[in-house]
Amino acid sequence: MDYQFKDIEKKWQKFWADHQTFKTEDKSTKPKYYVLDMFPYPSGAGLHVGHPLGYIASDIFARYKRLKGFNVLHPMGYDSFGLPAEQYAIQTGQHPAITTEANIATYRRQLDQIGFSFDWSREVRTSSPDFYKWTQWIFMQLFNSWYNKDADKAESIEKLVKHFEQSGSTGINAVCDDETASFTADEWKAMSNQDQQKELLKYRLTYLRQSTVNWCAALGTVLANDEVKDGFSERGGYPVEQKKMMQWSMRITAYADRLLKGLDSIDWPEPLKEMQRNWIGKSVGALVRFQISDFRFENEDKTNLQSLTSNPYIEVFTTRADTIFGTTFLVIAPEHELVASLTTPDQKADIEAYIAMAKKKSELERMADAKTVSGAFTGSYAINPVNGEKIQIWIADYVLAGYGTGAVMAVPSGDQRDYLFAKHYNLPIIPIIDIQKIDTEADPTKEGRYINSGFINGLTYKEAIVAVVAKLEELGAGKAKVNFRMRDAIFGRQRYWGEPVPVYFKGDLPYLISENELPLVLPEVDKYLPTESGEPPLARAENWKYKPTAAPSKSPPVGETYQAHLTGSYRETADPIYYEQLKNFSAANRNQPTEAENTLWQLLRKDQTGYKIRRQHAIDIYIADFVSLQKGLIIELDGHHHKLNKEADDARTEVLNHFGFTVIRFTNDEVLQNPQRIFDQIKEKLNSLENRDLTKFSDATNTSEVKVSPTGGDLEGAGNADTYEYELSTMPGWAGSSWYWYRYMDAHNDEEFASKEAIAYWKDVDLYIGGSEHATGHLLYSRFWNKFMKDLSLVVAEEPFKKLINQGMIQGRSNFVYRLIDEMGRGTNTFVSHGLIKQFKTSPLHVDVNIVENDVLNIEKFKKSRPEYADAELILENGKYICGVEIEKMSKSKFNVVNPDDLIERYGADTLRMYEMFLGPLEQSKPWNTNGIEGVFKFLRKFWRLFHNEAWEFSISNDEPTKAEFKSLHKIIRKVEEDIDRFSFNTSVSSFMIAVNELTDFKCNKRGILQDMVIILSPYAPHICEELWIQLGNEAGTLSYAAYPKFNAAYLIEDEFSYPISINGKTKMNLNISLSLEPKDIEAHVLADAGVQKYLGGATPKKVIVVKGRIVNIVL
RNA sequence: GCGGAAGUGGCGUAAUUGGUAGCCGCACCAGACUUAGGAUCUGGCGCCGCGAGGCGUGGGGGUUCGAGUCCCUUCUUCCGCACCA
């Protein structure tokens, strides 16, 4: 049979799916290898040929690793929350879930027909509640954590609370908001719960704060810095403005240093690491305080006067504290909070005019305008702390409010911007280094010795910077400071199609919903637009409110008054509905014990008190934390805020007493501080009580009405039966993608985001392939979340992706036809071939690349492509119409999209896979050009033919291969190993061609060679290889796990080598010389050769260089 | 402006530690087989030159017996950042 790729590929794709050939086991004696692709956003356009490039490379790698005996995890899923589906929903009213579902179906069909070896049983979708339940859960962990700088890791917020209760705010070294309060332990305890929560929010790793955000009005949402490019949204290209809003943020800045350091430990492309370093933007410098001189005037704006009069200084950030003696003025940003207070009445008009002008300039104009010098003098002066000089304070928009302190010390001799400013406004310029050249521009040199610089005169840079910082610290006028350019990441989006934030509001304060309430499912809305009042789309959801009563927590839901079941039959029949619920709650509580509960349980379990203790046991409408039914003793643990619920507790105790239980209470802190003491107290109490078997309790039927508030336990936020507003913004697109690789490890786990065992086994991603466009988004956020989860011991690796490869972008290659323009300037229906356009007046038009081959227009198809082209006239060259070419982004509007479906239809998936690899180095960006695909197709047919005779019958010989045949085989065995190891897939494809060309020349159809060839080629062209593999008599489906052939160097050993003989470095001829000869003998042999003698022309060589097995060079 | 990557035939590219520059394809040319060819096979194919030979890895310079590869300098292209103090 001829090579029938269509049948073969269909057959094996079905086989792999039916037999789950690529389903990965979590338990294996093989070493693990995790090959991950960046999962796609399923867009409506489907895949074009650029998308699979990285997937093909990773698939080859994954298949290769399987052959090499690894247990390979190679999963795929969809990053299915996002803007396009939502924009489509806004336009059409179609629910984004439906659009997304349809797009995923298209993607899946397209992916399947390329023959990837994904383990689809582990598929994830970020928009599925099973998945985003855990995205929300991780959010909750972030909310419940703070960053302890002393431990250099995230820790539980409980630990912070404990510290506050014991020592107040002293001794806390946290990454937190700037304006945290100072308080003693007693002051903390005296605070209302509200105030405590407000303070804690300043420490949480995800927090709500009034922040300046990138607001995109057209999209109706805020955007993160990495989603804004040059003042426009990355998606859609809409203008973005700065706006102050209450927003969720992630305290990624806490990890700035670790994110920076971690880069040194991972095998990523250097440009990408550099981009992250840039984005993090660490600069080591100092904060310096400049006192305000003679601050005495009044001003109608008194907002900051208070702080100014008590603390009259401006703080600047500088990386060049050594240049402080060259400071000749200060510049503060126009938005700086002290501007109004510093402005003297004389200067008021100037300053206000300048601010008005600066405000009008958009972000873009301000950037474009970087070279124009502008500013205004405030009229105030500051004192240089090191020399007491009085210097002017200016405002200018080259100083950014958002970086450092929003103020700089201007050193015109060393900083070009300061230099230009000083020249423009005639401010002094003082040289401070002996070799500084400052006639025409600033000289930021660090060489030379300091002059005009007081106590650092004569020092070098290294000495000076240390001396200045020390002096500033001594004076109390400054300190060393590391600054980062990276800002905390805005985490909320005012959009519909994203993960709901698992938070509700009581007063102004956010509270987490309960963990067992997850997932908080995205509600239905009538429209996907903001409300009239400008609230996010989720505000449209009807009855979407948080009801604590509906929240199964430590206590079941109850109304205001409740007919307590003082019937004496609390266990089975109190209320069948409640009883079911209660059992569920208890189970949930047992799975998620608090720290204190867990600590105590370790002491109480297994009868360590001498009595059987149950935990989270349902009793009537309550759940007891711990109970001994034998003694009727209930042990309750209370959180710190529990004092609010005294009334409820009393009622609860009353009911429990009624049943014959004794209730004792401890606080969580008591347990955590001294568990043994609590244990002793419990034991003592148990011993003192009489036995009373309450397991079969049946008291007199004595019903009484008891007032019960809805909480009997630790329900956070309880206290009334009101409903609360949920957070209305959703999470950004990067939330789900910041941890998804862990879900693949254990994709169907309902109890955890992934089991401890799965994480311990798979650990991290060994190879990650994806585009560099995610450098400062996904790849940074993923590292951040990973480090956070490591801190909480949820995962084991500090870095998630050990090795990363960026596949290059596939650009479009547009073709053009040239329409003739007549004398009147009108377009005609005549088209001129590209080589002739200089002779005519033409205008280029995009033409569909799919009707052009090797830049020659298919005229027949062209005429059919549009009705108006049907009678078009074409001016040809050499009988052909040659199209023009340009490289552009691949897009529908440019008619340059090449769809993999068409190519698979025509050449098959194996050809497409190999051709995409053959295009060039994986990491290199290149335009798509279908021109060479025939060559790869021919290769596969040639390979197929090796196994068939002239009548196209399968025909293989069992003869012993020749030495030359073995040599071809072992060359390719080694070559492919080396190439795959360095991700050089293009070179291995050409080596396959060489091997098959050689074997064709040998007319080799020997099993001893071809069977191994099938294995080696199978990662690249799996379908054809599977087919040949069973034809060779092997069991179907076993090829994927066959053993990669072993390289044997013996087959490559040569007796002779054709030495290039060069004279003065120029190769003149070749000589076959035995490889057993040593350099001295080679030299003699070469010089004796007649051909060489001819070149020498009788001259005696000055020197002869012989490199054994490489070259002979004769120097004349 | 700063940082990074890269410049090799008509085109995509190859040359793993400095050791024969142009492998493998595409396109093109010639030929064979054919009713035909968008099939297959054979040969050619960096540039100049009839040839001998010479010149060739963006340009210039250097190190070396020998440089596409290392160093300096310069130009060009692409990518990222951009008034970051």
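Refer to the preceding data block for the structure.
In short, a report on the structure. (Residues numbered from 1 in each chain as written. Chains lettered and ligands numbered in written order. Predicted model: local features only at pLDDT ≥ 70, side-chain atom pairs only at ≥ 80, totals over all residues. Heavy atoms only, no water.)

## Some points on the overall build of chain A
- Within chain A, the regular secondary structure consists of 35 helices and 40 strands.
- Here chain A holds 1116 residues, and the buried ones make up 53% of them.
- Once local pairs closer than 6 in sequence are excluded, the contacts in chain A between residues at least 24 apart make up 73%.
- With an accessible surface of roughly 50,100 Å², chain A has 49% of that area assigned to carbon and sulfur atoms. (Helix = DSSP H or I, 4+ residues; strand = E, 2+ residues; numbered from the N terminus. Buried < 20%, exposed > 50% of the residue type's maximum accessible area, 1.4 Å probe, protein only. Contact = heavy atoms within 4.5 Å. Areas by Shrake-Rupley, 256 points an atom, 1.4 Å probe, with all protein chains shown as cover.)

## Thoughts on a nonpolar patch on the surface
- On the surface, Ile 1105, Val 1107 and Ile 1111 cluster together to form a nonpolar patch covering roughly 190 Å² of accessible area.
- Tracing the backbone shows Val 1107 in strand E39 (residues 1103–1107).
- Look at Val 1107 and you get partly exposed, because its relative accessible area is 36%. (Patch = residues over 30% accessible without salt bridge, like charges linked within 9 Å, V, L, I, M, F, W, Y side chains within 5 Å. Salt bridge = Lys/Arg side-chain N within 4 Å of Asp/Glu carboxyl O.)

## Considering the nonpolar core
- Within the largest apolar cluster, 183 residues are counted, with the highest numbers of intra-cluster contacts made by Phe 753, Trp 785, Met 914, Phe 943, Phe 985, Leu 1017 and Tyr 1020.
- In this structure Phe 943 touches Val 996, Met 1013, Val 1014, Leu 1017, Ile 1024, Cys 1025 and Leu 1028, once residues within four positions along its chain are discounted.
- Listed in part, the 48 residues of the second largest apolar core include Ile 314, Ile 395, Val 469 and Ala 477. (Core = buried A, V, L, I, M, F, W, Y, C linked by side-chain atoms within 4.5 Å.)

## As for the protein's contact with RNA strand B
- In the vicinity of RNA strand B lie 53 residues, with Thr 319, Arg 417, Leu 919, Gln 924 and Arg 1110 positioned nearest.
- By atom count, sugar and phosphate contribute 60% of the portion of RNA strand B lying within 4 Å of the protein.
- Measuring from a base nitrogen of RNA strand B, one finds a backbone N or O atom of Tyr 403 at 2.9 Å.
- Note that a sugar or linking oxygen of RNA strand B is positioned 2.6 Å from one of the backbone N or O atoms of Leu 919.
- Residue composition of the surface near RNA strand B, by class: 19 nonpolar, 17 polar and 17 charged. (Near = heavy atom within 4 Å. Polar contact = N/O pair within 3.5 Å; in protein donor to acceptor, adjacent residues only side chain to side chain. Nonpolar A, V, L, I, M, F, W, Y, C, P; charged D, E, K, R; others polar.)

## Things to note about the sheet that holds strand E5 (residues 174–175)
- With antiparallel pairing, the 3 strands of this open sheet are ordered in space as E4-E3-E5. In this open sheet, the two strands that pair with only one neighbour each are strand E4 (153–156) and E5.
- Bridge count for strand E3 (residues 145–148) against E4 is 4 bridges, and the pairing is antiparallel. Counterpart to Ser 145 in the pairing with E4 is Ser 156.
- Here helix H6 (residues 157–167) sits on the sheet and contacts E3 and E4; the angle it forms with E4, its principal contact strand, is near 75 degrees. (Pairing = 2+ DSSP bridges. Axes fitted to C-alpha atoms, helices over the stretch in contact; angles between N-to-C directions.)

## Regarding the sheet that holds strand E20 (residues 509–512)
- On the basis of which strands lie adjacent, the open sheet formed by 4 strands has the order E20-E19-E26-E21 and antiparallel pairing. Each of the sheet's edge strands pairs with one partner strand only, and the pair in question is E20 and strand E21 (545–546).
- Pairing geometry for strand E19 (residues 503–506) and E20, over 4 bridges, is antiparallel. When the sheet's bridge partners are listed, Phe 505 is paired in E20 with Pro 510.
- Across the sheet, helix H8 (residues 193–201) lies against E19 and E20, angled at about 85 degrees from E20, the strand it touches most.

## What about unusual backbone geometry?
- Residues Leu 518 and Pro 519 are joined by a peptide bond in cis, for which omega reads -5 degrees.
- Among the secondary structure elements, Pro 519 is positioned in the loop between E20 and E21.
- Phi at Lys 763 takes a positive value of approximately 60 degrees, unusual for a residue other than glycine.
- Relative to the elements of secondary structure, Lys 763 occurs in the loop between helix H24 (756–762) and strand E27 (765–770).
- One non-glycine residue, Trp 952, lies in the positive phi region at around 60 degrees.

## Thoughts on the side chain of Asp 79
- Relative to the helices and strands, Asp 79 is located in the loop between strand E2 (71–73) and helix H3 (83–92).
- At 3.5 Å, the side chain of Asp 79 forms a polar contact with the side chain of Thr 126.
- Beyond its immediate chain neighbours, meaning those up to four positions away, Asp 79 contacts Phe 39, Pro 40, Tyr 41, Pro 42, Thr 126, Gly 733 and Ser 737.

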